[in-house]
Amino acid sequence: MSQGPSHTILAVNDRTDQLEVLTSTIALAEYTVLKATNPTAAIRLALEQQPALIVIEVSKHQTAQDLYRRIRSTKEIAETPILLVGAKENDHKDSATDSSKDDFLERPYEPITLAAKVARLVERKRTQDKLRRFFDLIDNADDVVYTHDLEGNYTSLNVKGQEITGYSSAEIAGLDFRTLATAEDVELAHSKLRSKLNGEAKNTIYELTIKAKDGTRIPFEVNTQLIYENGKPVGVQGIARDIRATYTLGFVPTNQA
């Protein structure tokens, strides 16, 4: 198995014998394990190696809380998930633990239970990282990327779309496609949507004009496809290219199926 940050776990325990047991158990799941016996070493290793998960099992409750706070207040590692071993969730309520990232494991515990929690937290982190990269790509895209439900109510608009149309993400969420397009373009979009819902096309490419916030009419070439949840279509994702330059050059746009 290839190793890297996504397969690296930082184990923290102030008792050397317990640290070896903890490390051995995690290593059985084929993770690379970094070891630290005090908070200072743990923070240094976390910053240097950017592990996928930090497992904290220390003898003093206050030490665990202090280390947790230091990790969450350090920008470079603040999003790293943490597994607090030998602790109950109620013990750390004042630490504002994040249930979307963190978990707890009470003693005594079975090695398989520890391994299962480690695997779940690492996989969750991997999924969140993928989603973050995906949304970063969307926000940095040169084209407009948007989504709306099947009724045409907008649900998202990337940074480029906000720049071109003048609508913020909050403002676009209160609008629907019919208020921004001509009746002809609304009917065109609906016909393309029907063809996708009927299974006649997976995605459709066509041209339409959208009214920006300042009233400017902007022609776009759009490529749309359905969004599915549990196998059912629930909305539309579109990529739109501003083609005003094409009109300026004298090209005549054509709609495509």
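Structure: see above.
Everything numeric in this text was worked out from a predicted model, so none of it was measured.

> So what about the pattern of salt bridges? Which residues, and what values?
The final tally for this structure, using the stated rule, is 16 salt bridges. Note that Glu171 and Lys213 form a salt bridge whose closest N and O atoms lie 2.7 Å from each other. Taken as a pair, Glu171 in helix α6 (residues 169-172) and Lys213 in the loop between β8 (203-211) and β9 (217-229) lie far apart in primary sequence, 42 residues in all. You can call Lys213 partly exposed: its relative accessible area is 47%. Between Glu187 and Arg194 there is a salt bridge, with the nearest N and O atoms lying 2.9 Å from each other.

> Tell me about the packing of aromatic side chains, residues and numbers included.
Applying the stated criterion to the full structure yields one aromatic pair. A ring pair is formed by Tyr146 and Tyr154, whose centres lie 6.1 Å apart and whose planes are at 70°; its orientation type is edge-to-face. The class of Tyr146 is buried, set by a relative accessible area of 11%.

> Explain the sheet that holds β8 to me, using residue names and the numbers behind them.
Taken in spatial order, the five strands of this open sheet run β7-β6-β10-β9-β8, and their pairing is antiparallel. The open sheet is flanked by β7 (154-157) and β8, the only strands paired with a single partner. Averaged over neighbouring strand pairs, the angle between their axes works out to 30° when direction is ignored. Bridge count for β9 against strand β10 (residues 232-242) is 10 bridges, and the pairing is antiparallel. Across the sheet, residue Asn223 finds its bridge partner in β10, namely Ile239. Relative to β8, helix α7 (residues 183-197) is tilted by about 160°, and along the sheet it contacts β8, β9 and β10.

What counts as what
- Residues numbered from 1 in each chain as written.
- Predicted model: local features only at pLDDT ≥ 70, side-chain atom pairs only at ≥ 80, totals over all residues.
- Heavy atoms only, no water.
- Salt bridge = Lys/Arg side-chain N within 4 Å of Asp/Glu carboxyl O.
- Helix = DSSP H or I, 4+ residues; strand = E, 2+ residues; numbered from the N terminus.
- Buried < 20%, exposed > 50% of the residue type's maximum accessible area, 1.4 Å probe, protein only.
- Phe/Tyr/Trp six-rings, centres within 6.5 Å; stacked < 30°, edge-to-face > 60°.
- Pairing = 2+ DSSP bridges.
- Axes fitted to C-alpha atoms, helices over the stretch in contact; angles between N-to-C directions.
- Contact = heavy atoms within 4.5 Å.

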